[in-house]
Every structure is written in C-alpha cells, then in structure tokens.
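Overview (structure and organization)
Read off the chains here:
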Amino acid sequence: MSESADWSVLSPDVMAVAGRAARRIADGYEDRLTMEYDDAFQEAVLILATKAAMVRECLNDPGLGLGVLHHRLVLDLTDKIKTQARHRARHTSYEAACERVGAGER
C-alpha cells in the first residue's frame, strides 16, 4: 500500500473490530478458500492502520462509532478479496500447467 500507516489508531476496541470483520470475511468465503481468518485479520489491521483518518472519524463521531467502522472495514476487505480472486483466476497454477504439458506429451 502506498499510504503511510498510523499504528496508533489500533486500540483494543479497534483490534476487536478487525477480528470481527476478519471472521465475517473468512466465514463468508470459506467455501471458495479465498482467505483464511489469519490472513483476513492481517489485511484488516493493515487497512485500519493505512486509513487512520477513517478510524478516527468513526471513533470521534458518536453517530458512526465502531459499527460503521466494522461495516466500512468489511466492505474494504471484500473489495480486496474480490480483486485477489480475479487475479488468481487469470493465472494457471504450477500443478495445472504441468498437467497440461504432461497431457500434451502423451
């Protein structure tokens, strides 16, 4: 990510939001094996640290709060997962490429 990270926004409450968002993403995409919980949690923490202004906005505005922060984080994680899935779909795995070469030689 090209944005600088501000790790100071990662309070225990914000980290709990990251955990809940990661769990939602991991559970929602487990059938597609797109992202496991640990990877989703890491991505969530990175997003929060690089979008510190968004975190502060949600924390400082009682009308927004942790619920809106969670919602925005889930949307950002979903966008990231969909982008990664599109990139993976365009590439052939090493094993699949070997199988194709092997089938062509027989």
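Scroll up a little and you will see the structure.
Residues numbered from 1 in each chain as written. Predicted model: local features only at pLDDT ≥ 70, side-chain atom pairs only at ≥ 80, totals over all residues. Heavy atoms only, no water.

Topic: the packing of aromatic side chains
To be explicit about the condition: A pair of aromatic rings is counted whenever rings of Phe, Tyr or Trp (Trp by its six-membered ring) have centres within 6.5 Å, and the orientation is called stacked for planes under 30 degrees apart, edge-to-face for over 60 and tilted otherwise. Under the scheme used here, helices are H or I runs from DSSP no shorter than 4 residues and strands are E runs no shorter than 2 residues, and both carry numbers assigned from the N terminus. Relative accessible area decides the class of each residue, using a 1.4 Å probe on protein chains only: under 20% of the type maximum gives buried, over 50% gives exposed, and in between gives partly exposed.
Under the defined criterion, the tally for this structure stands at one aromatic pair. A centroid spacing of 6.1 Å and a plane angle of 20 degrees characterise the contact between tyrosine 37 and phenylalanine 41, whose relative ring orientation is stacked. With tyrosine 37 and phenylalanine 41 both in helix 2 (residues 37-50) and four residues apart, this pair spans about one turn of that helix. Of the residues examined, tyrosine 37 reaches a relative accessible area of 26% and is grouped as partly exposed.

Some words on the nonpolar core
Quick reminder of the rule: What we call a nonpolar core is a set of buried Ala, Val, Leu, Ile, Met, Phe, Trp, Tyr and Cys residues that are connected through their side-chain atoms within 4.5 Å. In what follows, residue pairs with any heavy atoms lying within 4.5 Å of each other are defined as contacts.
Judged by nonpolar contacts, the single largest core of 24 residues is most densely connected at Leu10, Ile25, Leu48, Leu69, Leu73 and Leu77. Those elements giving two or more residues to this core turn out to be helix 1 (12-28), helix 2, helix 3 (52-60) and helix 4 (65-90). Excluding residues within four positions of it along the chain, leucine 69 makes contact with Val14, Val17, Leu48, Met54, Val55 and Cys58.

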